[in-house]
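Coordinate analysis (summary)
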Amino acid sequence: MDKVLVKGNYAIAQAALNAGLECYFGYPITPQTEIGEYLSDEMYKRGLGYVCAESELAAINMVLGAASTGAKAMTTSSSCAVSLMQEALSYACSDEVPIVLVNVMRAGPGLGYIYPAQGDYNQAVKGGGNGDYKLIVLAPSTVQECIDYTYKAFYLAHKYRNPTMLLADGLLGQMMEPAVFGEYPYPEIDNSSWALTGAKGRDGRAIFSVATAEDTQNQHIYNLFAKFKTIEENETEWEEFNTEDADILLVAFGSMTRNIKAAMTELRKQGLKVGILRPVTLSPFPSKRIHELAAKVDNVIVVEMNMGQMVNDVKLAVEGQAKVDLVHRPVGQWLSVEEITQAVKNVLEKSYASV
Amino acid sequence: MQVFKIPESIKKGSKFTFCPGCDHGIIVRILAELIDELELKEKTICATSIGCSVFLYDFLNIDCIESPHGRAMAEATGVKRARPDKFVFTYQGDGDFASIGLAESMHGALRGEKITGICINNTTYGMTGGQMGPTTLLGQKTTTSPMGRFTGTYGYPIKVAEQIALCDGTAFSARVAVDTVAHINQAKKILKKAFEIQLKGLGYSFVEFLATCPTNWKMTPDEAHERVRNEMMNVYPLGVYKDITVEDK
Amino acid sequence: MEQNFIIAGFGGQGILFAGRVLANAFMLMGKNVTWYPCYGAEMRGGTVNCEIVISDDEVSSVHKENADCIIVLNHLSFDRFLPKVKSGGLILSNSTLVDVTKSRSDIQYISIPMTDIANKSGYNKLANMVALGILTEIIPGLNEEILKQALGKVLTDDRKHLIYPNLEVIKLGMNCIAPVH
């Protein structure tokens, strides 16, 4: 199949169509608006469901409604507007409805700024809404991965009946890069046992999140977390580079992965044994593998475009086996390869000085 | 001879948990009868809401999705756009429909979603114990308007059926009551019309039910129905506010 | 080895379009390439730019502090981007609209009246294509055939007939300087 030069936002939109998207509901916000623009035309041509929703609140709840019928449904948004969606995500998790949400992050807090940032990590992986729940969160680092992980988001959402988020950022949304649209590679999931289709030849069924008794509520949450455990065992995904002989482990996700790879190459040239672990699924997080690697390295350095969010999960995984440092900047003019290279050397100097 | 039986669309063995004298029970029964009469059970998906209406799925033997507070119209829109061949209605209180969910309710009507909206107006937040809602009448005492609702602080009640009738996507909007047998029969006829308009795909159809809340009004069921007649109907007159099938003729 | 380019000018000069054609051309030349635009609020006020990074390996950062080659189609962009040319790099200016002052001695200047050339051809808005034509003399491996294919990839089906006018102006650009690579 031919490579095409395509923008991340369009890649996500076309990949969703290839994955069998049946309904899209959205509200404009930079830097992801192209997704809704592209789909407004494509969905109409295909006779599929499309609504320019009156708000992000409405959009995510339309997705919840559509997905409750078993349809593949999606909304896309950015940071401050994703905050508006947290209630529905909590419902969808409790309801076990397979919705797909794309967050093309901008910088926060508040309205923030439209340049790329990774400040929504905690909101995405810790559950930004109320109660005990977890999303599945996938973080692409290239336009090709925007396609591949959009496919996977639909598959995992429906396989596990759990809301799934593609966590991209303004850089991935706006940039163009050659990519290949392969066919949707996953099997279709049978949803006939739970989807709302009208009570034909059976009793009515309800999708709801409320329990009327303490016991049933407890059991419901235990069941949800047993499912999350299964997801963790089956679906945790990460990438590793040069970890075999590494003394120093760099950890970054999403678009920052690109920069730490180049920094690793540079630092290796300078004689430092640097390796990389890049979580692909931020939830479930590859804690086990980070724990294993931490036993073999002296330093773990987390690089992220925020004030330090993933670093806390890395520390929990390392469990004190290695020194954990953070190299970061909160907004936009993301860390250049040179800055990362220098920052890593600074960290190491301090680290050695303290030995 | 059997003169009275439980509709097929009511769950077998289920018991309504509404307070004595609450009109929800009558309205749910009307709904169930119509679902039976129009043979809709096998194609119906209902978006329930938050409030006293939340447990509708415990009583009706149809497919239901519980919507977050105020979002029933959004859920119903999602359902209908995904499955246009289904019969979709929302069942909401006035707080859900006209306060927290007003944006969704209005925009759904403006889009002309082929959905039926049902709003139960009892002039208070019943589930949480009788606070002031968007439809609370002027002068009405509630736990959050203890001196009575006065406009200087609390503003004015919303006339839902009239507002929805103003939306160009609305095909049908009416207000009914269930305080007397005559009104119950009329309400059923009007709700049937609203359902038929959806089935014909003519646009959004809406019915507002004036209803009692004896517990929070601190009244007997009879007194509560008296209040519906003597106070509510003055502010919220019964009637059909829009019907494009009539205007077209 | 990564190389990066910035194209900048007024809104309406086809800056993003020219950038996409160039990025597609690099893709056809077998390079790894990224294209990154200014977007959102940065686009208000009339100036626009995009950045292209090419590499034989995976492209790392798609946005860098400085660029190897910066193409400016208006004076505002010349002022803004002159300091961002890497030492030893090149600034290619549209001298019809840019008053070129050679305040830096560590870079190379090429100044061509792109808007005049486009105007004379009758295609008033295609100064951007003059610039692409000039780039064939600067970037090894970039040629008319590749730009033609790249135009075919960027123009949608209903605009495919515009390949030939664009190509005509690209040819004018190709003929206005001697090869510099």
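Keep in mind that this is a model prediction, so the values were computed, not measured.

Reading the values: rules and limits
- Residues numbered from 1 in each chain as written.
- Chains lettered and ligands numbered in written order.
- Predicted model: local features only at pLDDT ≥ 70, side-chain atom pairs only at ≥ 80, totals over all residues.
- Heavy atoms only, no water.
- Helix = DSSP H or I, 4+ residues; strand = E, 2+ residues; numbered from the N terminus.
- Rg over C-alpha atoms; globule rule 2.2 N^0.38 Å.
- Buried < 20%, exposed > 50% of the residue type's maximum accessible area, 1.4 Å probe, protein only.
- Contact = heavy atoms within 4.5 Å.
- Areas by Shrake-Rupley, 256 points an atom, 1.4 Å probe, with all protein chains shown as cover.
- Core = buried A, V, L, I, M, F, W, Y, C linked by side-chain atoms within 4.5 Å.
- Domains from an automatic or database assignment.
- Buried area = accessible area lost by both parts, 1.4 Å probe.
- Salt bridge = Lys/Arg side-chain N within 4 Å of Asp/Glu carboxyl O.
- Polar contact = N/O pair within 3.5 Å; in protein donor to acceptor, adjacent residues only side chain to side chain.
- Nonpolar A, V, L, I, M, F, W, Y, C, P; charged D, E, K, R; others polar.
- Arc of directions from axis to C-beta.
- Axes fitted to C-alpha atoms, helices over the stretch in contact; angles between N-to-C directions.
- Left-handed = near helix turned anticlockwise from the far one by under 90°.
- Pairing = 2+ DSSP bridges.
- Right-handed = clockwise from strand over helix to strand, strands pointing away.
- Phe/Tyr/Trp six-rings, centres within 6.5 Å; stacked < 30°, edge-to-face > 60°.
- Parallel < 35°, antiparallel > 145°, perpendicular 65-115°, else oblique.

1. Digging into the overall build of chain B
- When helices and strands are counted, chain B shows 11 helices and 7 strands.
- Since a compact globule built from 249 residues should have a radius of gyration of about 18 Å, the 17 Å found for chain B is in line with a globular shape.
- Dimensions along the principal axes, computed over C-alpha positions, put chain B at roughly 50 × 45 × 35 Å.
- When burial is assessed residue by residue, chain B has 61% of its 249 residues classed as buried.
- For chain B, contacts bridging at least 24 residues in sequence account for 69% of all contacts bridging at least 6.
- Of the roughly 9,900 Å² that chain B leaves accessible, carbon and sulfur atoms contribute 57%.

2. Focus: the nonpolar core
- Formed by 150 residues in total, the largest nonpolar core has its most connected members in Leu39, Met74, Ile99, Val300, Val303 and Val314 of chain A.
- Counting contributing residues, this core receives three or more from each of domain 1 (4-184 + 209-235) and domain 2 (240-353) of chain A.
- Setting aside residues up to four positions removed in sequence, methionine 74 of chain A forms contacts with Ala16, Leu21, Cys23, Tyr24, Phe25, Ile35, Leu39, Val63, Val100, Val102 and Phe154 of chain A.
- Ile112, Ala127, Met129 and Leu142 of chain C belong to the second largest nonpolar core, which has 53 residues in total.

3. A few points about the interface of chain A and chain C
- At the junction of the two partners, chain A supplies 24 residues and chain C supplies 20 residues.
- Of the roughly 1,900 Å² buried between chain A and chain C, counting both surfaces, carbon and sulfur atoms make up 61%.
- At the junction of chain A and chain C, the tally comes to 1 salt bridge.
- The salt bridge involving glutamate 58 of chain C is made with lysine 261 of chain A; its shortest N-O contact spans 3.0 Å.
- Seen at the junction of chain A and chain C, the total is 5 residue pairs in polar contact (both at pLDDT 80 or more).
- Listed by contribution, the elements that provide at least two residues to the side of chain A that touches chain C are strand E1 (4-7), helix H8 (170-174), strand E8 (176-179) and helix H10 (256-269) of chain A.
- Top element by residues in the side of chain A that touches chain C is H10 of chain A. It accounts for 4 residues.
- Split into classes, the residues belonging to the side of chain A that touches chain C amount to 13 nonpolar, 6 polar and 5 charged.

4. Notes on the pattern of salt bridges
- Under the criterion given, the structure shown has 43 salt bridges over all chains.
- Note that arginine 81 of chain B is salt-bridged to glutamate 113 of chain B, the shortest N-O span being 3.0 Å. Taken together, the residues arginine 81 of chain B in helix H3 (residues 72-82) and glutamate 113 of chain B in the loop between helix H5 (102-111) and strand E4 (116-121) connect sequence positions 32 residues apart.
- Owing to a relative accessible area of 3%, glutamate 113 of chain B belongs among the buried residues under this scheme.
- A network of salt bridges, in which partner residues are shared, links Asp41, Glu42, Lys45 and Arg46 of chain A.

5. Regarding helix H11 (residues 287-294) of chain A
Residues and elements named next belong to chain A.
- Along H11, the positions that sit buried rather than exposed are Arg289, Ile290, Leu293 and Ala294. Looking down the long axis of H11, one finds its buried residues gathered within 135° of arc, a one-sided arrangement.
- Looking at the buried residues of H11, the elements they touch are strand E10 (238-241), strand E11 (248-251), strand E12 (274-279) and helix H12 (310-318).

6. Thoughts on the arrangement of the chains
- Where the 2 pairs of chains in contact are concerned, the greatest contact count is recorded for chains A and B.
- If you take every C-alpha in chain B and every C-alpha in chain C, the smallest gap between them is 27 Å, and the two do not touch.

7. What to know about the packing of helix H1 (residues 8-18) of chain A against helix H7 (residues 143-160) of chain A
Residue and element names in this part refer to chain A.
- One can describe the packing of H1 onto H7 by two numbers: an axis separation of 8 Å at closest approach and a directional angle of 35°. In this structure, the crossing between H1 and H7 has a hand that is right-handed. In this structure, H1 uses Gly8, Ala11, Ile12, Ala15, Ala16 and Asn18 to contact H7, whose residues at the interface are Val143, Cys146, Ile147, Thr150, Tyr151 and Phe154.
- Residues belonging to the contact of H1 with H7 are distributed by class as follows: 9 nonpolar, 3 polar and no charged.

8. Quick notes on the pairing of strand E5 (residues 100-105) of chain A
All names here are of chain A.
- Where burial is concerned, most of E5 is hidden: 6 out of the 6 residues are buried.
- Both strand E4 (residues 73-77) and E5 contribute to a ladder of 4 bridges, which runs parallel. Counterpart to threonine 76 in the pairing with E5 is valine 102.
- Note that E5 and strand E7 (residues 164-169) share 6 bridges and pair parallel. If you follow methionine 105 over to E7, its bridge partner there is aspartate 169.

9. Quick look at the pairing of E7 of chain A
Residues and elements named next belong to chain A.
- Among the 6 residues in E7, 6 count as buried, and that is most of the element.
- Along E7, one buried face is formed by Thr164, Leu166 and Ala168 and the opposite face, lined by Met165, Leu167 and Asp169, is buried too.
- Of the strand pairs in this sheet, strand E6 (residues 136-138) and E7 are connected by 3 bridges, and their pairing is parallel. Bridge pairing links valine 137 to methionine 165 in E7.
- With H7 bridging E6 and the parallel E7, this β-α-β connection has right-handed handedness.

10. A short note on the sheet that holds strand E9 (residues 206-207) of chain A
- A sheet is described by the order of its strands in space; here 8 strands give the open sequence E9(A)-E2(B)-E1(B)-E3(B)-E4(B)-E6(B)-E5(B)-E7(B), paired in mixed fashion. Among the strands making up the open sheet, the edge pair consists of E9 of chain A together with strand E7 (239-243) of chain B.
- Direction of pairing for strand E5 (residues 170-177) of chain B relative to strand E6 (residues 204-210) of chain B: parallel, over a ladder of 7 bridges. Across the sheet, the residue bridging to serine 173 of chain B is phenylalanine 206 of chain B, located in E6 of chain B.

11. Regarding the side chain of threonine 170 of chain B
- Within the secondary structure, threonine 170 of chain B is located in strand E5.
- Residue contacts for threonine 170 of chain B: discarding those within four places in its chain leaves Ala109, Ile164, Ala165, Tyr204, Lys242 and Ile244 of chain B.

12. Comments concerning the interface of chain B and chain A
- Taken residue by residue, the interface counts 32 residues in chain B and 39 residues in chain A.
- Between the two partners, chain B and chain A, sit 3 salt bridges.
- Arginine 111 of chain B is the salt-bridge partner of glutamate 54 of chain A, the closest N and O atoms lying 2.8 Å from each other.
- Here chain B is connected to chain A by 19 residue pairs in polar contact (both at pLDDT 80 or more).

13. Focus on the packing of aromatic side chains
- For the structure on display, the rule yields 19 aromatic pairs over all chains.
- Aromatic pair tyrosine 155 of chain A and tyrosine 186 of chain A: ring centres 4.5 Å apart, planes at 10°, arrangement stacked. With tyrosine 155 of chain A in helix H7 and tyrosine 186 of chain A in the loop between E8 and E9, the pair connects residues that are 31 residues apart, well separated along the chain.
- A relative accessible area of 13% places tyrosine 155 of chain A in the buried class.
- Plain terms: the ring middles of phenylalanine 97 of chain B and phenylalanine 206 of chain B are 4.9 Å apart, the flat faces sit at 35° to each other, and that makes the pair tilted.

14. Some details on the packing of helix H3 (residues 114-121) of chain C against helix H4 (residues 127-135) of chain C
All names here are of chain C.
- Between H3 and H4, whose axes approach to 8 Å, the crossing angle comes to 110°. The orientation of H3 relative to H4 falls into the category roughly perpendicular. Of the two possible hands of crossing, H3 and H4 adopt the one that is right-handed. Of the residues in H4, those in contact with Met114, Thr115, Ile117 and Ala118 of H3 are Ala127, Val130, Ala131 and Ile134.
- Tallied by class, the residues present in the contact of H3 with H4 amount to 7 nonpolar, 1 polar and no charged.

Shape is all these values report; function is a separate question.
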